[in-house]
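Chain residues, written in single-letter form:
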Amino acid sequence: MGLMNIMLFHSTYGLTPAVHAAAARLRDAGHVVRVPDLFEGHTFDTVEEGMAFKEEVGKEELLKRAVLAAAPYSDQGLVYAGFSLGAATAQTLALGDAKARGLLLLHGTSDIAENATVDELPVQLHVADPDPFESHDWLNSWYLQMQRTGADVEIYRYPGAGHLFTDPDLHDYDQAAAEQTWKVALGFLATL
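Computed from a predicted model, the values in this text were never measured in an experiment.

Asks: What am I meant to see in the packing of helix α3 (residues 59-70) against helix α4 (residues 85-95) here?
Replies: Packed helices, taken two at a time, are described by the angle their axes make and the gap between the axes. Running from N to C, α3 and α4 cross one another at 60 degrees; their axes reach a closest spacing of 10 Å. Our classification of the angle between α3 and α4 gives oblique. The two elements α3 and α4 cross, and the hand of that crossing is right-handed. Every residue of α4 that contacts α3 at L63, A66, V67 and A70 is listed here: T89, T92 and L93. Partitioning the contact of α3 with α4 into residue classes produces five nonpolar, two polar and no charged.

Asks: Would you explain the pattern of salt bridges in this entry?
Replies: Opposite charge on two side chains permits pairing when their charged atoms draw close. Taken as a whole and judged by the stated rule, the model has six salt bridges. When the shortest N-O distance is used, the salt bridge between E40 and R65 registers 3.4 Å. Separated by 25 residues along the polypeptide, E40 in the loop between β2 (32-34) and α2 (47-57) and R65 in helix α3 bring together distant segments of the chain. Judged by its relative accessible area of 18%, R65 falls in the buried class. Here E61 ties to R65 by a salt bridge, and the two come within 3.0 Å at their closest N and O atoms. One end of the pair is E61 and the other is R65, both in helix α3 and four residues apart, which spans about a single turn.

Asks: Before we go on, may I ask you to explain the sheet that holds strand β6 (residues 152-159) in this structure?
Replies: Strands in a sheet are paired, the pairing made by backbone hydrogen bonds, and the direction either parallel or antiparallel. Taken in spatial order, the six strands of this open sheet run β2-β1-β3-β4-β5-β6, and their pairing is parallel. The outermost strands of the open sheet, each flanked by one partner alone, are β2 and β6. Along the sheet, successive strands turn relative to each other by an average axial angle of 15 degrees, direction set aside. Pairing between strand β3 (residues 78-83) and strand β4 (residues 102-106): five bridges, direction parallel.

Asks: What is the right way to read α4 from this model?
Replies: For an α-helix the count is 3.6 residues per turn, leaving residues at separations of three or four pointing the same way. Among the 11 residues of α4, 10 are classified as buried, and the element is accordingly described as predominantly covered. Looking at α4, one finds that the buried residues are L85, G86, A87, A88, T89, A90, Q91, L93, A94 and L95. Contact partners of the buried residues in α4: β1 (5-9), α2, α3, β3, β4 and α5 (136-149).

Asks: Would you mind showing me how to read unusual backbone geometry here?
Replies: For residues that are not glycine, phi is negative in most cases, and the peptide bond is trans in most cases. Across the junction of D129 and P130, the peptide omega takes the value 0 degrees, indicating a cis bond. Position of P130 among the secondary structure elements: in the loop between β5 (122-129) and α5. Non-glycine residue E40 carries a positive phi angle of around 50 degrees. Under the relative-accessibility criterion, E40 is labelled exposed at 56%. The backbone of H107 sits at a positive phi, close to 75 degrees, despite the residue not being glycine.

Each value, and the rule that gives it
Think of each chain on its own: its residues are numbered from 1, step by step along the sequence as written. Totals for whole chains, interfaces and linings use all residues, but because this is a predicted model, local features are given only for residues with pLDDT of at least 70 and pairs of side-chain atoms are given and counted only at 80 or more. Neither water nor hydrogens contribute to the side-chain values; these are computed over all heavy atoms in the structure. To define axes, lines are fitted to C-alpha atoms, for helices over the stretch in contact only, and angles between the resulting N-to-C directions are given on a 0 to 180 degree scale. Secondary structure elements follow DSSP: runs of H or I no shorter than four residues count as helices, runs of E no shorter than two count as strands, and numbering proceeds from the N terminus. Oblique is the label for every angle not falling under 35 degrees (roughly parallel), over 145 degrees (roughly antiparallel), or within 65 to 115 degrees (roughly perpendicular). Handedness of a crossing follows from how the near helix is turned relative to the far one, being left-handed for an anticlockwise turn of less than a right angle and right-handed for a clockwise one. Between two residues, a contact is recorded if the distance between any of their heavy atoms is within 4.5 Å. Here the term charged refers only to Asp, Glu, Lys and Arg, the term nonpolar to Ala, Val, Leu, Ile, Met, Phe, Trp, Tyr, Cys and Pro, and the term polar to all other amino acids, Gly among them. Criterion for a salt bridge: a side-chain nitrogen of Lys or Arg within 4 Å of a carboxyl oxygen of Asp or Glu. Partly exposed residues are those whose accessible area sits between 20% and 50% of the maximum for their type, while under 20% is buried and over 50% is exposed, using a 1.4 Å probe and protein chains only. A pair of strands is treated as paired once DSSP finds two or more bridges between them.

Note that all results are geometric; they support no functional claim without further evidence.
If you want it as structure tokens, here you go:
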């Protein structure tokens, strides 16, 4: 059991107080946590505004910002983590980083490159059930593809929770699901 270096990526809402609170929770457990601001100071009140900004900046630019944020620390063996859009970003970086120690996905996944391979990368996903952005069919396919890459995947589903149910500032918030997520996630990080 060691303390992890965690790269935590924000959702479409930007680097909000909830992301800082999540980072503080992880730091309180003894981990080193970095929260890059891929939106460069912009935060949004709605998913639609955040998505519009994401489209304006472009997927490639956001990924470039994420890679630049992680690169100075990747030799240390990062745990990549993120919320929704940030989870998709974390997944992309983790699958491309041979030294990644783990992948913690909160409320989101991403497409998986056909040639992606990892060496038993520990992966944990926490997702609402049902989730408007992560359908059952998609998650089943994603799970099989992640296993094909060589990842060691655990999925936790939370019936009746909203999409971003760990964010206390959003309508999606579900306190019981959020507390269970953090309990399980901290346990996961302690095993890496």
